[in-house]
Amino acid sequence: MPVKLKYGSSKSSGKQTSIIDRLHLDNRLVRYGLVAVLACVVVVLSVVGYYYFKYENVVNDRLAKGPMFASVSQIYAAPREIRNGQKLSASTIAADLRRAGYNSNSQLGTFQLNDDSIFIKPGPESYHSTDGATISAPNGVVQKITAENGAALSAYELEPQLITALSEENSRTKRRMVSYQDIPPQMVQAVTSIEDRNFFEHSGVNFLRIIKCGVEDLSSGRKRCGGSTITMQLARGFFLSPEKRLKRKFIEILITFQLESRFSKQQIFEMYANQINLGHRGSYDINGLGEASQAFFGKGLKQLDTAEYALLAGMIQSPSRLNPYRHPERAIARRNVVLDSMVETGALSESAATRAKAEPLHLAAADVDASEAPYFVDLVHDQLVQRISDQDLAHQSLRIYTSLDPDLQRAAAEAVDLGMKNVDEMVRKKHAKSTAPFTYPQVALVALNPHTGQILALVGGRNYSASQLNHAMGKRPTGSIFKPFVYAAAYDTSLNGTNIDGNGPFTAVTRINDDPQDFGTDGKPYTPGNFVKGEYPGMVTAVEALAHSLNIATIALAQKVGYGNVAALARSAGIVNARATPSVAIGTYNATPIDMAGAYTVFANNGVHINPWMLASVRNTSGDIVADYSPNAKQVLDPRVAFLTQSLMEAVMNYGTGAVVRGRGFTAPAAGKTGTEHDAWFAAYTSTLLCVVWVGNDDYTDIKIQGADAAAPIWAEFMKRAIKLPQYSDVKPFSPPEGVSIARIDRDTGLLADPSCSEHTMNVAFLDGTVPTGSCSQMHDNPQNFFQKIFSFGGHSETVSPYAPATATPQAGTANPAAPRAVPVNPANGNLPQQPAKPEEPKKKRNFFQKIFGGGGGDKDKQNEQPQ
C-alpha cells in the first residue's frame with residue numbers, strides 16, 4: 001500500500017517554529033530595549049535629581065545668607081541751606097526737592113508749590129526733623145522763611161541730594177536698588193520685548209529657543225546665540241560663571257526651575273533689574289537699571305522717556321560694545337531694534353516708535369568727577385570702614401550723609417579740566433625741542449568751609465577713569481605755601497613780649513635781610529637762593545618779603561624767631577612732618593593738600609584750627625541715627641596774630657605772586673600764597689570759601705612751572721564759578737579783631753602813606769601801638785636817605801625799625817589759654833640753633849647801575865631754583 005508523505009505539513013511546522021523563535025527574539029530585544037531605556041531614564045533622573053537637589057542646597061545656602069544683593073550704602077551730599085536774600089525761585093527749590101525724592105506720598109517728605117512760595121514738610125525718613133516751613137521767593141529772591149508754627153527763620157535746610165550708591169561687594173560696584181513697583185511698565189516691556197518676549201508665560205525655560213540657538217551655534221561654529229530666558233540670565237548671574245559650556249547650561253536650567261518655584265515673575269524681574277551689568281563708569285561697574293538710569297541720563301527710571309527705556313534695554317546684550325558715550329551710532333541702532341521689537345509685541349505703536357527713533361541721545365555729562373565726586377566717595381568709604389565694622393557695612397543698607405556740595409563739585413571739576421589743558425600746553429612747549437619722553441602732571445583740588453572744616457568739593461586727579469590714585473591725600477613738599485607760618489610765628493613771639501633784634505615787636509614793615517646768607521647748622525653749609533636767579537633786594541619789609549616769596553628773608557626771619565617755634569606752630573596746625581631746621585621755613589617737609597587746607601583754617605578762622613571732615617552722619621533706612629560725627633577744633637593762634645598774618649597774605653594776592661588771580665578776573669577780597677617746590681601749589685581763601693590746588697608729577701620730577709602759572713589759574717577759575725553760586729556769593733572783606741588797626745603804608749619806605757606817595761601804597765594790619773609814626777613824605781624830604789636808597793651807601797645792614805615802640809602792653813591770652821602756641825625764643829632752652837656764631841660777611845648792595853643793568857647782589861646763586 002503506497003505511503004503518502006506530507007512534506008507540506010513539515011514545512012509549515014518549521015516555518016511556525018521560525019516565526020515563534022523570531023517573536024521570542026523580538027520580545028527579548030524589546031524587553032532588553034525597554035530595560036535599557038528604563039535604565040537610561042533612571043540614570044538620567046538620578047543625575048538630574050542629584051544635581052537638582054545639589055543646586056537646591058546651593059540656592060538654599062545663598063538665600064539663607066541674607067538678601068540676594070549685598071547691602072548698598074547710599075551716599076548723600078550736605079543739605080542745601082536756604083537763606084533770606086538768596087537768588088532762588090520757589091520752582092528751583094521744588095526741582096531740588098524732587099531730585100532728593102520728595103513727592104506727594106513719599107516717606108522722605110512732601111512739598112506744595114504755590115506760585116512764588118513753597119511749603120516743605122519732611123517725612124519720617126528725612127535727614128531732618130519733621131518740622132515744616134514755608135519759603136517765599138517773589139521775583140526769584142528769598143524774602144521770608146516761616147516755620148510751620150509761624151516763627152520767622154533766617155535759614156532752612158533742604159533734603160540732602162543722593163550722590164551715589166556703593167554696593168559692599170568684593171568688586172567695585174555701584175547699584176541703586178529699585179522695587180518692581182518702581183520700574184515703569186514701559187521699561188519692563190522694553191526689556192522683555194528684546195530679551196524674553198514670553199517671560200510672563202513660560203515656566204522659566206524656552207526649550208525651542210535653546211534648540212534653535214544650539215543649531216545656529218553648531219552651524220556657525222561660534223557660541224553667540226542667546227537662548228537664555230530672563231530667569232536663566234538671573235540664575236547665571238547669581239550662581240554661575242559666564243562661560244558657555246553644556247554642563248553650565250544644564251545647571252543653569254536646574255537653578256532656573258528652583259527660582260521659578262520660589263519666586264513670582266514680578267520678584268524675578270525685580271532681581272534681574274537690579275542685577276544686570278550695564279557697563280562701567282570710572283573704575284566702578286554699573287549694575288542694575290536704577291544705577292544705569294542715573295549714570296547715563298542723570299535722572300531716575302520714572303523720569304525716562306520711551307527712547308531712553310529702549311536704549312537701556314538694548315545695552316543689556318553687550319554693555320561695552322553698545323556704550324552710548326563711546327559708540328553712539330551702535331547704541332542708537334540697537335535702541336531702534338528694541339523699539340521695533342516693542343511694536344511687534346504690541347507694547348508700542350508704529351507712530352510712537354517712529355518719534356522715539358527720531359530722538360537724539362540725551363546723555364548726562366560724561367565727567368564722572370563732576371557728577372559723582374569719585375575721589376571724595378572713595379575717601380568716605382575708607383573712613384566708613386575705619387569707623388564702622390566691616391560686618392555692619394556688609395549687612396546693613398546705610399544712608400551716609402557727607403559734607404559735599406554738588407554745585408561746588410561741578411565747579412571744581414570744570415576748573416580742573418580747563419586749568420589742566422593750559423598746564424598741558426605749557427608742558428608741551430617746554431619739551432617742544434626735546435625728543436625725550438615726558439609725562440603730563442597730575443592735580444588735586446580741595447575746597448572747604450574755613451569756619452567749619454567741611455570739605456565741600458574734592459578732585460583727586462585729572463581723570464578718575466584713568467587713575468584712582470587720590471592726589472588730595474598725597475604727601476608732597478609744601479613749598480612756599482608754608483611761609484605764612486613763619487610770619488605767624490614771628491607775630492606770635494612778639495605778642496608774647498619778645499622783640500626781634502631788640503628793635504620792638506615784629507610788624508609788617510619790619511625789615512629783613514634778603515642778601516645771600518649761610519644758614520648751615522652743625523658745620524654743614526646751607527646757602528639757599530631766591531626763586532628768581534640773581535635777585536637779592538637786600539633789606540626788605542616783611543610784607544614785601546612774603547608778597548614776593550623771598551626765600552632768604554623768610555629763612556632769616558625763622559632763624560630769629562626760632563626754627564623750633566615755627567615747626568611747633570606748623571605741627572599744631574596739622575602739618576605734622578614739620579621739623580626744626582632752616583629749610584622748614586620754605587616748605588621742604590611733606591603734607592597733603594587736605595592737610596594744607598586744614599592748616600590754612602588757622603588764618604581764616606581767627607586762629608582756630610579745624611580738622612577737615614567729610615562724614616556728618618550715618619543713618620539706617622528708617623532714618624534712625626547709627627552714628628554722628630563732629631569736627632575737632634582747637635585754638636592755635638591768638639585771633640590778632642591770625643589776622644595780622646592774613647593781612648600779609650592779602651598783599652600777596654593784591655601785589656605779589658598771587659596777583660595773577662586778579663588778572664584772571666577774580667576781584668573779591670582774598671588772602672593766600674603761591675608755592676613752588678618741584679610741585680606747584682596755590683592756597684587761598686575768601687570769607688566764605690578756602691581752596692588749595694596742587695599740580696605735580698607722579699614720579700616726583702620737577703614740574704618746572706611756578707605755582708602762579710599752574711595752580712593759581714585753576715584756583716581763579718574755581719573761585720569765579722563758586723562766588724556765582726548763591727551759597728558763596730556773599731563775600732565780605734576781612735574784619736580785624738579788637739586790638740588790630742589797619743593803616744595805609746607806602747610800599748617803598750614802609751611808612752604811613754600821605755599824598756606825596758600815593759602811587760605805591762597798600763593797607764596793612766598792625767597790632768595796636770605798633771603803627772609807624774612817620775610818613776613817607778618825611779623820608780622823601782631827606783636827600784641823604786634818598787641817595788642812600790639809590791646808591792646803597794651810608795645805610796645799615798641790620799634791621800631798621802620805622803615804627804614807634806609799643807606804648808601799651810599787648811593784649812594777653814587767647815580764646816583758649818590752654819591751646820598750644822609758639823614758645824618765646826630763649827637761647828637757654830635750645831630754641832636757637834646750637835652752633836658757634838660766625839662773623840657776618842659784608843653784604844654787597846646793588847647800586848643804581850646794578851639795579852638797572854643787573855649784577856651785584858652778593859655771591860652767585862648756590863641753588864638755581866628755590867621755592868616760591
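The rules behind these values
- Position numbers for residues start from 1 in each chain and track the written sequence from start to end.
- Local features are withheld for residues below a pLDDT of 70 in this predicted model, meaning they are given only at 70 or higher, and side-chain atom pairs are given and counted only at 80 or more; totals for whole chains, interfaces and linings count all residues.
- The basis for every side-chain value is the complete set of non-hydrogen atoms in the structure, without hydrogens or water.
- Secondary structure elements are defined from DSSP: runs of H or I of at least 4 residues count as helices, runs of E of at least 2 residues count as strands, and each element is numbered from the N terminus.
- The criterion used for residue contact is that any of the two residues' heavy atoms lie within 4.5 Å.
- What is meant by a nonpolar core is a set of buried Ala, Val, Leu, Ile, Met, Phe, Trp, Tyr and Cys residues, joined one to another through side-chain atoms within 4.5 Å.
- When accessible area is computed with a 1.4 Å probe and restricted to protein chains, residues below 20% of their type maximum are described as buried, those above 50% as exposed, and intermediate ones as partly exposed.
- The pairing criterion for strands is at least two bridges between them, as found by DSSP.
- As a rule, the C-alpha atoms of each element are fitted with a line to give its axis, helices using only the stretch in contact, and angles between N-to-C directions run from 0 to 180 degrees.
- One side-chain nitrogen of Lys or Arg within 4 Å of one carboxyl oxygen of Asp or Glu is enough to make a salt bridge.
- Aromatic contacts are taken between Phe, Tyr and Trp rings whose centres are within 6.5 Å, Trp giving its six-membered ring; a plane angle under 30 degrees counts as stacked, one over 60 as edge-to-face, and the others as tilted.
- Think of it as a cone above the ring: NZ of Lys or CZ of Arg counts as a charge over the ring if it is within 6 Å of the ring centre and within 35 degrees of the ring normal.
- Patch membership requires more than 30% relative accessible area and the absence of a salt bridge. Residues of like charge join within 9 Å; the nonpolar side chains Val, Leu, Ile, Met, Phe, Trp and Tyr join within 5 Å.
- We get accessible surface area from the Shrake-Rupley algorithm with a probe of 1.4 Å; when it comes to residues, only the shown protein chains can shield them.
- Roughly parallel refers to an angle under 35 degrees, roughly antiparallel to one over 145, roughly perpendicular to one between 65 and 115, and oblique to any angle outside these ranges.
- Basically, the charged four are Asp, Glu, Lys and Arg, the nonpolar ten are Ala, Val, Leu, Ile, Met, Phe, Trp, Tyr, Cys and Pro, and anything else, Gly included, counts as polar.
- Polar contact is the term for a pair of N or O atoms within 3.5 Å; when the atoms are in protein, one must be able to donate a hydrogen and the other to accept it, and sequence-neighboring residues count only if both atoms are side-chain atoms.
- You can read pLDDT as the predictor saying how much it trusts each residue, on a scale of 0 to 100.

Draft legend 1. Geometry of the overall build of the protein. Each helix and strand in the protein was counted, giving 28 helices and 28 strands. For the protein, the share of sequence-separated contacts (at least 6 apart) that also reach a separation of at least 24 residues comes to 69%.

Draft legend 2. Representation of the nonpolar core. By size, the foremost hydrophobic cluster in this structure holds 101 residues, and its most contacted members are Phe485, Tyr487 and Tyr600. When residues of this core are assigned to their parent elements, the largest contribution, eight residues, is made by helix H16 (residues 484-495). Setting aside residues no more than four positions away along its own chain, Tyr487 makes contact with Phe506, Ile512, Ala542, Ala545, Leu546, Thr554, Leu557, Thr645 and Leu648. Judged by nonpolar contacts, the second largest core, of 49 residues, contains Val188, Phe199, Ala310 and Ala356.

Draft legend 3. Up close: the sheet that holds strand S5 (residues 133-136). Taken in spatial order, the five strands make up an open sheet running S3-S4-S5-S6-S7, and their pairing is antiparallel. The two strands at the open ends of the sheet, each matched to only one other strand, are strand S3 (109-114) and strand S7 (152-153). Bridge count between strand S4 (residues 117-122) and S5: four bridges; the pairing is antiparallel. Paired with Phe119 across the bridge in S5 is Thr134. The strands touched by helix H2 (residues 90-100) are S3, S4 and S5; relative to S4, the strand with the most contacts, the crossing angle is about 25 degrees.

Draft legend 4. Region of interest: the pattern of salt bridges. On inspection of all chains with the given rule, the structure shows 23 salt bridges. Residue Asp424 pairs with Arg462 through a salt bridge whose shortest N-O separation is 2.3 Å. Here the residue Asp424 occupies a position in helix H15 (residues 406-430), and Arg462 occupies one in the loop between strand S15 (455-459) and strand S16 (476-477), the gap between them amounting to 38 residues. According to the relative accessible area criterion, Arg462 is partly exposed, its value standing at 29%. Here Arg747 and Glu544 are joined by a salt bridge, their closest N and O atoms 3.1 Å apart.

Draft legend 5. Representation of the packing of aromatic side chains within the structure. Considering all chains together, one arrives at 18 aromatic pairs under this definition. Summarising the aromatic geometry, the rings of Phe485 and Phe603 are spaced 4.9 Å apart at their centres and angled 50 degrees between planes, so their arrangement reads as tilted. In this pair, Phe485 sits in helix H16 while Phe603 sits in helix H21 (residues 601-604), placing the two residues 118 residues apart along the sequence. Judged by relative accessible area, Phe603 falls into the buried class, the value being 2%. Ring pairs connect the aromatic residues Tyr180, Phe199, Phe200, Phe269 and Tyr272, which therefore count as one cluster. We note Lys265 situated over the ring of Phe199; from NZ or CZ to the ring centre the distance is 4.6 Å. The lysine or arginine in question, Arg387, covers the ring of Tyr629, its NZ or CZ lying 4.6 Å from the ring centre.

Draft legend 6. Geometry of a nonpolar patch on the surface. Together, Val37, Val41 and Leu45 give the surface a local cluster of nonpolar side chains, amounting to about 260 Å² of exposed area. With respect to the helices, strands and loops of the structure, Val41 is situated in helix H1 (residues 7-64). Relative accessible area serves as the criterion here: at 37%, Val41 is assigned to the partly exposed category.

Draft legend 7. Spatial organisation of the packing of H16 against helix H19 (residues 563-572). Where H16 contacts H19, the two axes come as close as 9 Å, and the packing angle between them is 110 degrees. Between H16 and H19, the crossing angle belongs to the class labelled roughly perpendicular. Of the residues in H19, those touching H16 at Phe485, Val486, Ala488, Ala489 and Thr493 are Asn565, Val566 and Leu569. For the contact of H16 with H19, the per-class residue count stands at six nonpolar, two polar and no charged.

Draft legend 8. Local environment of the pairing of strand S1 (residues 72-76). For S1, a buried count of four out of five residues is recorded, marking the element as mostly surrounded by other parts of the structure. Direction of pairing for S1 relative to strand S13 (residues 399-402): parallel, over a ladder of three bridges. By the bridge assignment, Gln74 is partnered in S13 with Arg399.

Draft legend 9. Quick look at the environment of Asp196. Positionally, Asp196 belongs in the loop between helix H3 (185-195) and helix H4 (207-220). Excluding anything up to four places from it in sequence, Asp196 contacts Val191, His202, Arg209, Thr229 and Ile230. A polar side-chain atom of Asp196 sits 3.0 Å from the main-chain amide nitrogen of Ile230.

Draft legend 10. Structural context of the sheet that holds strand S26 (residues 690-696). If you walk across this open sheet you meet the five strands as S15-S14-S26-S25-S24, and the pairing is antiparallel. Bordering the open sheet on either side are S15 and strand S24 (671-677), each of which pairs with just one other strand. For this sheet the average axis-to-axis angle between neighbouring strands, irrespective of direction, equals 5 degrees. Note: strand S14 (residues 442-448) against S26, seven bridges, orientation antiparallel. Paired with Val443 across the two strands is Val695, which belongs to S26. Seen against the sheet, helix H22 (residues 639-655) touches S24 and strand S25 (679-685) and runs at an angle of roughly 70 degrees to S24.

Draft legend 11. Focus on unusual backbone geometry. Phi angles above zero are rare outside glycine, and Ser549 is one such case at about 55 degrees. Topologically, Ser549 is positioned in the loop between helix H17 (542-547) and helix H18 (551-561). The backbone of Asn606 shows a phi angle near 60 degrees, a positive value even though the residue is not glycine. Of note, Asn606 is situated in the loop between H21 and strand S20 (608-610). On the accessibility criterion, Asn606 (46% relative accessible area) is partly exposed.

Draft legend 12. Seen up close, H18. When you tally the buried positions in H18, you get nine out of 11 residues, the bulk of the element. Inspection of H18 places Asn551, Ile552, Ala553, Thr554, Ile555, Ala556, Leu557, Ala558 and Val561 among the buried residues, and these make up the whole buried set. Contacts made by the buried residues of H18 are with H16, strand S17 (511-513), strand S18 (539-541), H17 and H19. Trailing H18 by a residue or two, Gly562 shows a phi angle of about 110 degrees, which is positive.

Draft legend 13. Inspection of the confidence of the model for the protein at higher detail. Mean pLDDT over the protein: 82, with 78% of residues reaching 70 or higher. Confidence, read as mean pLDDT per element, is least for helix H28 (residues 848-853) in the protein (34) and greatest for H21 (98).

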